[in-house]
Amino acid sequence: MINYFLGNLEYSINSKYMKKIVTITGIRPDFIRMSKVFEKLDENFDHIMIHTGQHYDDELSKIFFNQLKIRKPDFILETGRNSQNHYEQLSYLSKEVIYLLRKKKIDPEFIIFLGDSNSVMVSAPLFKEGFKIAHIEGGMRSYDRRMPEEVNRVICDYVSDLIFVYTPLYKERLVKENKNPKQIFVVGNTIVEVVKQYMPTGQRSKDYIIADIHRNENLKSPEQYNHILNYLELLGKKTGLQVRLVKFNRAVRLINKYKLLEDKKNIKLTGPYGFLDYLNLQYNAYGVVSDSGTSQEECPLLGVPVAVPRNYTERPESVENGNSILVGETEPLNKMVRNTMEFFESYSISKEKLKWLGDGKTSEKIINILKRKLK
């Protein structure tokens, strides 16, 4: 039985007059990144938006639609409620998305995905069914096979007929992986125009540090996560600043089960936050410690330094341009803290250091390329 409900019963009203494009999106950061692309697709195509429901509660889904003024999806699936892990999510999506398209007789020119979540993995069965796939955020590689996101990215790129990449480096990677250069387009980063529109202003407080830790490699064991928490605790002690650790369900379960914060007085659990609140929180931070790829892009735009407790990053330009620093996952605590403090203290930003993110016209470029392809 198909578990979805209609967000817009008249979704096919323009199908006779406009080229049909489907977008499939499922998690908080991807809705943020796609918000401007959604708007442009609605203006220029018969755009059908499918929300997979991978993130489904108000704190991780509805609030972002409201704050970013994203219109209601045409269809909402129930991935998060019907599956507990990555293979159950893929099984559910592989069946439900294809059933939905067939039942509603939706035959799009392209099905567009963004990013590297489990929702992106449904691109493979869709490709096998003969649908044309487009991937925004293609070509990102950390070359760290422990990351589920890395596998998702590679597979979606492989089955895509059209790939939109953020930087020339990502295009070079794809060409080396034997993708046709004529299928790859450098368009800049979708996050730029979103952050520019909602950029906080005013005097910064800089009296706390934000920590955002949720990657699989840092939550794989209580010992590894505790090492990161010990790093944050020592960083707070050395700087004299409170470390505000953003809540993630999996991390909170580890904290509660193993009592990981009992002896850590400088760390305070906080959040979760909507996009605008979290943007403001980062803007006012002395620095950010995050294993998120998004922070390596958002924080430079906000003028805030980022320390990344990972060994690898799929966004090397952020490190190369002095926007962020890799401090490792298992390095000695004193070394991690020292490198972080030196980076935070010496941090500076300039327009030159932000060029790798693009000019803030990414959604317009994507639409123009789609129009040329579908002319």
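Our subject is the structure listed above.
Report follows, based on the coordinates. Keep in mind the model is a prediction, meaning the values are calculated, not measured.

The rules we used
Residues numbered from 1 in each chain as written. Predicted model: local features only at pLDDT ≥ 70, side-chain atom pairs only at ≥ 80, totals over all residues. Heavy atoms only, no water. Phe/Tyr/Trp six-rings, centres within 6.5 Å; stacked < 30°, edge-to-face > 60°. Helix = DSSP H or I, 4+ residues; strand = E, 2+ residues; numbered from the N terminus. Buried < 20%, exposed > 50% of the residue type's maximum accessible area, 1.4 Å probe, protein only. Core = buried A, V, L, I, M, F, W, Y, C linked by side-chain atoms within 4.5 Å. Contact = heavy atoms within 4.5 Å. Expected span 1.5 Å × (residues − 1). Axes fitted to C-alpha atoms, helices over the stretch in contact; angles between N-to-C directions. Parallel < 35°, antiparallel > 145°, perpendicular 65-115°, else oblique. Nonpolar A, V, L, I, M, F, W, Y, C, P; charged D, E, K, R; others polar. Lys, Arg positive; Asp, Glu negative; His and termini not counted. Salt bridge = Lys/Arg side-chain N within 4 Å of Asp/Glu carboxyl O.

### As for the packing of aromatic side chains
1) Next: This model, assessed by the stated rule, comprises 6 aromatic pairs.
2) Next: When the ring of Y286 is compared with that of F344, the centres are 5.8 Å apart and the planes differ by 85°; the resulting orientation is edge-to-face. Remark: F344 occurs in helix α14 (residues 333–346) and Y286 occurs in the loop between α11 (275–283) and β12 (287–290); sequence separation between them is 58 residues.
3) Next: Its relative accessible area of 23% is what places Y286 among the partly exposed residues.

### Describing the nonpolar core
1) Next: L41, I112, I136, F164, I210, F275 and L370 are the most contacted members of the largest nonpolar core, which has 57 residues in total.
2) Next: With 6 residues, helix α1 (residues 28–44) is the largest single contributor of residues to this core.
3) Next: Discounting residues that sit within four places of it in the chain, I112 has contacts with I21, V22, T23, I24, M34, L41, A134, I136 and L370.
4) Next: By size, the runner-up hydrophobic cluster in this structure holds 29 residues, among which are I209, Y225, M341 and F344.

### Examining helix α4 (residues 86–103)
1) Next: The first and last C-alpha atoms of α4 sit 25 Å apart over 18 residues, in line with the 26 Å expected at 1.5 Å per residue.
2) Next: Among all positions in α4, only Q89, Y92, L93, S94, E96, V97, I98, L100 and L101 are buried.
3) Next: Phi turns positive, to about 55°, at K105, one or two residues after α4.

### Digging into the packing of helix α9 (residues 222–239) against helix α10 (residues 249–258)
1) Next: At a minimum axis distance of 11 Å, the contact between α9 and α10 shows a crossing angle of 95°. One way to sum up the angle between α9 and α10 is to call them roughly perpendicular. Along the contact surface, α9 presents P222, Y225 and L229, while α10 presents A251, L254, I255 and Y258.
2) Next: Counted by class, the contact of α9 with α10 contains 7 nonpolar, no polar and no charged residues.

### Regarding unusual backbone geometry
1) Next: Between G271 and P272 the backbone carries a cis peptide bond, its omega angle lying at 5°.
2) Next: Assignment of secondary structure puts P272 in the loop between β11 (267–270) and α11.
3) Next: The backbone phi angle of Y143 is positive, close to 60°, even though this residue is not glycine.
4) Next: Its location among the elements puts Y143 in the loop between β6 (133–138) and α6 (148–159).
5) Next: On the accessibility criterion, Y143 (54% relative accessible area) is exposed.
6) Next: At K206, a position not held by glycine, the phi torsion is positive, near 55°.
7) Next: Residue position: K206 is located in the loop between α8 (191–197) and β9 (208–212).

### Describing the side chain of E317
1) Next: Within the fold, E317 resides in helix α13 (residues 316–320).
2) Next: For E317, which is buried and forms no salt bridge, the nearest opposite charge comes from R173, at a distance of 5.8 Å.
3) Next: The residues contacting E317, other than those within four sequence positions of it, are T167, L169, Y170, N323 and W356.

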